[in-house]
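Coordinate analysis (summary)
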Amino acid sequence: MGKVIVVTSGKGGVGKTTSSAALGAALAQNGDKVVVVDFDVGLRNLDLIMGAERRVVYDLVNVIQGEAKLTQALIRDKRLESLYLLPASQTRDKDNLTEEGVEKVIRALKHAFDWVICDSPAGIERGATLAMRHADVAIVVTNPEVSSVRDSDRIIGLLDSKTLRAENGERMEKHLLLTRYDPARAERGDMLKVDDVLEILSIPLLGIIPESMDVLRASNLGTPVTLADDRSAPSIAYFEAARRLNGEDLPVTIPGEKRGFFGKFFGRKAA
Ligand SMILES: Nc1ncnc2c1ncn2[C@@H]1O[C@H](COP(=O)(O)OP(=O)(O)O)[C@@H](O)[C@H]1O
Ligand SMILES: [Mg+2]
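Residues numbered from 1 in each chain as written. Chains lettered and ligands numbered in written order. Predicted model: local features only at pLDDT ≥ 70, side-chain atom pairs only at ≥ 80, totals over all residues. Heavy atoms only, no water.

With an unreviewed UniProt entry as reference, the protein chain is termed Septum site-determining protein MinD, source organism Bosea lathyri. In its Function (unreviewed entry) section, the UniProt entry covering the protein chain states "ATPase required for the correct placement of the division site. Cell division inhibitors MinC and MinD act in concert to form an inhibitor capable of blocking formation of the polar Z ring septums. Rapidly oscillates between the poles of the cell to destabilize FtsZ filaments that have formed before they mature into polar Z rings." (UniProt positions renumbered as here; feature names shortened; annotations may be inferred.)

Quick look at the structure:
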């Protein structure tokens, strides 16, 4: 039975979709069977970032409404044969996602995949709570700034109350993914420091993804960043986060700090 992960944040534009695609690809590059599900009905970004926008025929809403079979809606990645996408509808209304429908789809996906990654819409409304409902693990994507941290704190509250796990009195595994981290701005005090974020949110750190042009370049090509260039700084950070998701106990390096160790570490890994 596969693991269901929700990639969530509260705030929009922090890197949920980028991270869903990158982590999904990283896990699939490791040989696991992965599906990334776009819950952002109305916006539909994930298929663009994964370079599959021209191949979307049916979507999550079609499946829920019985207009298409799950196998008809799933899109297999052209580069990685164990990576799939379940796209969102661009035209439909969020209300087309029903609780029973989502449950059925997630149950079927859990049987067929090792990882079901749910890319959540922004906000704390229905779309976001539906995306997190069946999760075993939550990745809380946060930027090192006050408004993002505050929204993440609210999302953590929802994860501990509105999910099936929480309702059944089970522990909800939560991880912090700090994205768009810019060491120079953190140094100048324009951004929160890693320690400050960890102190406020107090959930374990899955990784720190540096702010990087490589992310923009990859998304313009319609390629998850880990597939575009597996040696770029954000790719390495996503690969390491994926290994931590798999239970590996790897130290997290803060971008811009301990440069000597940093360089050596990467050199060794790439060898
Ligand atoms: N590490 C990063 N470095 C630079 N830009 C990033 C990074 N992560 C995300 N972005 C950019 O931020 C914007 C929002 O990202 P996205 O993943 O769509 O966020 P969300 O899904 O949370 O709304 C996009 O333009 C994306 O390219
Ligand atoms: Mg998004």
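Relative to each other, helix 7 (residues 146-159) and helix 10 (residues 194-201) sit at 30°, their axes nearing to 10 Å. Compared by their axis directions, helix 7 and helix 10 come out roughly parallel. By crossing handedness, the relation of helix 7 to helix 10 is classed as right-handed. Of the residues in helix 10, those touching helix 7 at Val149, Ser152, Asp153 and Ile156 are Val197, Ile200 and Leu201. Looking at the contact of helix 7 with helix 10 residue by residue, the classes come out as five nonpolar, one polar and one charged. (Axes fitted to C-alpha atoms, helices over the stretch in contact; angles between N-to-C directions. Helix = DSSP H or I, 4+ residues; strand = E, 2+ residues; numbered from the N terminus. Parallel < 35°, antiparallel > 145°, perpendicular 65-115°, else oblique. Left-handed = near helix turned anticlockwise from the far one by under 90°. Contact = heavy atoms within 4.5 Å. Nonpolar A, V, L, I, M, F, W, Y, C, P; charged D, E, K, R; others polar.)

So, about the pattern of salt bridges. Tallied over the entire structure, the rule returns twelve salt bridges. Across the salt bridge formed by Lys11 and Glu145, the nearest N and O atoms sit 3.6 Å from each other. Highlighted residues: Lys11 in the loop between strand 1 (3-8) and helix 1 (16-29) and Glu145 in the loop between strand 6 (137-142) and helix 7, separated in sequence by 134 residues. Salt-bridge contacts for Glu103 lead to Arg107; the nearest nitrogen and oxygen are separated by 3.0 Å. Taken together, the residues Glu103 and Arg107, both in helix 5 (residues 99-112) and four residues apart, mark about one turn of the helix. (Salt bridge = Lys/Arg side-chain N within 4 Å of Asp/Glu carboxyl O.)

Turning our eyes to something else, we now look at helix 10. Listed in full, the buried residues belonging to helix 10 are Val194, Val197 and Leu201. Along helix 10, the residues classed as buried sweep out an arc of 65° about the axis, all on the same side. Exposed residues on helix 10 whose side chains face more than 90 degrees from its buried face are Asp195 and Glu199. On the buried face of helix 10, the contacting elements are strand 6, helix 7, strand 7 (173-181) and strand 8 (205-210). (Buried < 20%, exposed > 50% of the residue type's maximum accessible area, 1.4 Å probe, protein only. Arc of directions from axis to C-beta.)

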